[in-house]
Amino acid sequence: MANHSSSYPILHASFNQNNSGFVISTPDGFKIFDPNTGRLCYERAVGGFIIVEMLYSSSLLAIVGAGEQPSLSPRRLCLFDTKTNAPLREMTFLTSILAVRLNRKRLVVVLKEKTYIYDSNSLAILDTIDTVPNLKGLCAFSPSLDGCFLALPASTTKGSVLVYNVMELQSHCEIDAHLSPLAAIALSSNGTYIATASEQGTIIRVHLVSEATKSYSFRRGTYPSNIFSLSFAPSLQLPDILAATSSSGSVHIFSLGFDTNQRSKKSSSFLGSILPDSVNDALDPANHHVLHNAVSAGVRRAVISLITYNGYFQEYTLSINNQNESSWSLEREFNLLSFHDRNLAARHL
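Worth saying up front: this structure is predicted, and the values here are computed from it rather than measured.

Participant: Help me understand the confidence of the model for the chain in this model?
Facilitator: Any segment with low pLDDT has predicted coordinates that should not be analysed in fine detail. Considering every residue of the chain, the mean pLDDT works out to 84; 81% of them sit at 70 or more. Every residue in residues 1–5 scores below 50 in pLDDT, and together they form 13 contacts with partners more than four places removed in sequence or on other chains. Low pLDDT (under 50) marks residues 340–349, which in the prediction has 24 contacts with non-local residues, meaning those over four places away or in another chain.

Participant: Can you help me understand empty space enclosed by the protein in this one?
Facilitator: It is a probe the size of a water molecule, rolled over the atoms, that shows where empty space is left. A full pass over the atoms with the stated rule returns two cavities of 30 Å³ or more. By volume, the largest cavity amounts to about 50 Å³. If you go around the largest cavity, the residues you meet are L55, L60, L79, L102, N103, L107, S120 and L123. Taken together, the residues of the lining of the largest cavity sort by class into six nonpolar, two polar and no charged.

Participant: What am I meant to see in the sheet that holds strand 8 (residues 86–92) here?
Facilitator: Taken in spatial order, the four strands make up an open sheet running 5-6-7-8, and their pairing is antiparallel. Looking at the sheet topology across the chains shown, the edges are occupied by strand 5 (49–54) and strand 8. Here the average twist between neighbouring strands, direction ignored, is 20°. Where strand 5 meets strand 6 (residues 60–65), five bridges bridge the pair, whose relative direction is antiparallel. Opposite M54, over in strand 6, you have L61 as the bridge partner.

Participant: Honestly, the pattern of salt bridges in this entry has me stumped. Any pointers?
Facilitator: Note on pairing: side chains with opposite charge can pair once their charged atoms come close. Overall, the coordinates contain five salt bridges when judged by the stated rule. When the shortest N-O distance is used, the salt bridge between E53 and R101 registers 3.5 Å. One end of the pair, E53, is in strand 5; the other, R101, is in strand 9 (residues 99–102), and 48 residues separate them in sequence. Among the residues examined, E53 registers a relative accessible area of 10% and is labelled buried. Residue class for R101 comes out partly exposed when judged on its relative accessible area of 24%. With a closest N to O distance of 2.5 Å, D130 and K114 form a salt bridge.

Participant: In this structure, what is going on with unusual backbone geometry? I would like to understand it.
Facilitator: Note: most residues except glycine have negative phi, and most peptide bonds are trans. A positive phi angle, close to 65°, is found at N19, a residue other than glycine. Locating N19 in the fold gives a position in the loop between strand 1 (12–15) and strand 2 (22–26). A positive phi angle, close to 55°, is found at L169, a residue other than glycine. Following the sequence through the fold, L169 ends up in the loop between strand 15 (159–165) and strand 16 (170–178).

Participant: How should I be thinking about the packing of aromatic side chains in this particular structure?
Facilitator: Considering all chains together, one arrives at 14 aromatic pairs under this definition. Residues Y8 and Y309 carry aromatic rings whose centres are separated by 5.3 Å and whose planes lie at 25° to one another, so their mutual orientation is stacked. Pair noted here: Y8 is in the segment before strand 1 and Y309 is in the loop between strand 27 (300–308) and strand 28 (312–320), with a separation of 301 residues, a long-range link. Looking at Y8, the relative accessible area reads 24%, which means it is partly exposed. Ring geometry for F22 and F33: centres 5.3 Å apart, planes at 20°, overall stacked. Residue F22 is located in strand 2, and its partner F33 is located in strand 3 (residues 29–33); the two are separated by eleven residues in the primary sequence. Residue F22 shares its accessibility class with F33, and that shared class is buried. Above the plane of the ring of Y56 lies R104, whose end atom (NZ or CZ) is 4.2 Å from the centre.

Participant: Honestly, the nonpolar core in this entry has me stumped. Any pointers?
Facilitator: Side chains of a nonpolar character, in soluble globular proteins, are inclined to be buried together. Of all hydrophobic cores here, the largest spans 19 residues; its most connected members are L77, F93, I97, V100, L107 and V109. Broken down by element, this core gets its largest block of residues, three residues, from strand 6. Leaving out residues up to four positions away in the same chain, V100 has contacts with I51, E53, A62, V64, L77, L107 and V108. Listed in part, the 17 residues of the second largest apolar core include V206, L208, F218 and A244.

Participant: Which parts of the structure should I look at to understand the sheet that holds strand 10 (residues 106–110)?
Facilitator: Spatial ordering of the open sheet is given by 9-10-11-12, a layout of four strands whose pairing is antiparallel. Looking at strand neighbours, the two that pair on one side only are strand 9 and strand 12 (125–130), the edges of this open sheet. Direction aside, neighbouring strands of the sheet carry axes that sit 15° apart on average. Here five bridges tie strand 10 to strand 11 (residues 114–119), and the two strands are oriented antiparallel to one another.

Participant: Please clarify how the side chain of E315 should be interpreted in this entry.
Facilitator: Assignment of secondary structure puts E315 in strand 28. Since its relative accessible area comes to 15%, E315 is described here as buried.

Reading the values: rules and limits
Chains are numbered independently. Their residues run from 1 in the order of the written sequence. Only residues with pLDDT of at least 70 get local features here, since the model is predicted, and only at 80 or more are side-chain atom pairs given and counted; chain-wide, interface and lining totals rely on the full set of residues. Heavy atoms throughout the structure, all of them, feed into the side-chain values; hydrogens and water do not. pLDDT expresses how confident the predictor is about each individual residue, on a scale running from 0 to 100. Note on contacts: a residue pair qualifies if any of its non-hydrogen atoms lie within 4.5 Å across the two residues. Cavities and pockets were defined on a 1 Å grid built from protein atoms only: a cavity is a group of points that admits a 1.4 Å probe but offers it no way out, a pocket is an open group of points flanked by protein on both sides within 12 Å along at least five of seven lines, and a lining residue is one with an atom within 4 Å of any such point. Grid points are joined across faces, edges and corners, and a volume is the space filled by probe spheres set on the points. Amino acid classes used here: Ala, Val, Leu, Ile, Met, Phe, Trp, Tyr, Cys and Pro are nonpolar; Asp, Glu, Lys and Arg are charged; the rest, including Gly, are polar. Pairing between two strands requires that DSSP report at least two bridges joining them. Every helix listed is a DSSP run of H or I at least four residues long, and every strand listed is a run of E at least two residues long, numbered separately from the N terminus. Helix axes use the C-alpha atoms of the stretch in contact, all axes being lines fitted to C-alpha atoms, and the angles between their N-to-C directions lie in the range 0 to 180 degrees. Within this document, salt bridges are pairs made up of a side-chain nitrogen of Lys or Arg and a carboxyl oxygen of Asp or Glu, the two lying within 4 Å of each other. The cut-offs for exposure are 20% and 50% of the maximum accessible area for each residue type, with area from a 1.4 Å probe on protein chains only; residues under the lower value are buried, those over the upper are exposed, and the others partly exposed. Each Phe, Tyr or Trp ring, with Trp reduced to its six-membered ring, pairs with another whose centre is within 6.5 Å; inter-plane angles below 30 degrees give stacked pairs, above 60 give edge-to-face pairs, and intermediate values give tilted ones. The criterion for a charge sitting over a ring is simple: Lys NZ or Arg CZ within 6 Å of the ring centre, and within 35 degrees of the ring normal. As used in this record, nonpolar core signifies buried Ala, Val, Leu, Ile, Met, Phe, Trp, Tyr and Cys residues forming a set joined through side-chain atoms within 4.5 Å.

Next comes the structure, spelled out in structure tokens:
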């Protein structure tokens, strides 16, 4: 959300680790939704929050206030229980908290020039990483305990990324991915791949984490653009698709080109992405839709979930036939800000 404008009602939006829930924050409070049904699962109206991170579908949240009132300081991390509506633990830092990531074993807190690693259960501090100035709080985290990595910018002048093993508490590698500083980073959920984009926004590169080697290089476009988000399709094995959103109003879908015999033929849900406004036009194949390196495998479908800055949840289906022809279809849409009960009416198209 480093790219968001104060003119939009959404301060923060994120999916949980397995995409079974997502949360949005507005100046009034935050809300948790079930993306499959559109049901509002929880809401708390006590002021604005710049960070709200879920721990899977548990009652634990990591929340950071927007600073509009003393009790919601951006320097204070609150671990909050939605069952009891009460804080479990609060931690105060010397500077503003820019990002928080967590899984069942680790809690990561990103500040401007330091990143702290904690044990999620005892909250004992395990390590402190001194970083280059990270004004946007750029980071990526793979929640899998078997491949649990943290990625942080390693330079302010070029697109280098530090990959840190969060379970073993040691640096894994440093990758020089771009000539320009980083604008977006994403790790696949199992920690196999890392995707990066620079401030130029024209090239997206994917590296194999284990060997720190470049596996794919995708051209998003010819002209510079701000990359808002990168998202791998969640997979228990190997991710096969990468999605990118940008200030051009487009969503780009890239295929990583694995052997189709090793891939599931089932539809795969995407991580949520944040776009600057409505994406109805952005996903029209006649306008900005771009598909790269699609692999022939009969008819394949992918489900793409989007949260827009103006407060809409939209779910699209991308279909690819055996001639590599693709089409978008808007399946569901609902307004996250306007509702009157706990069961939102999704619009099916």
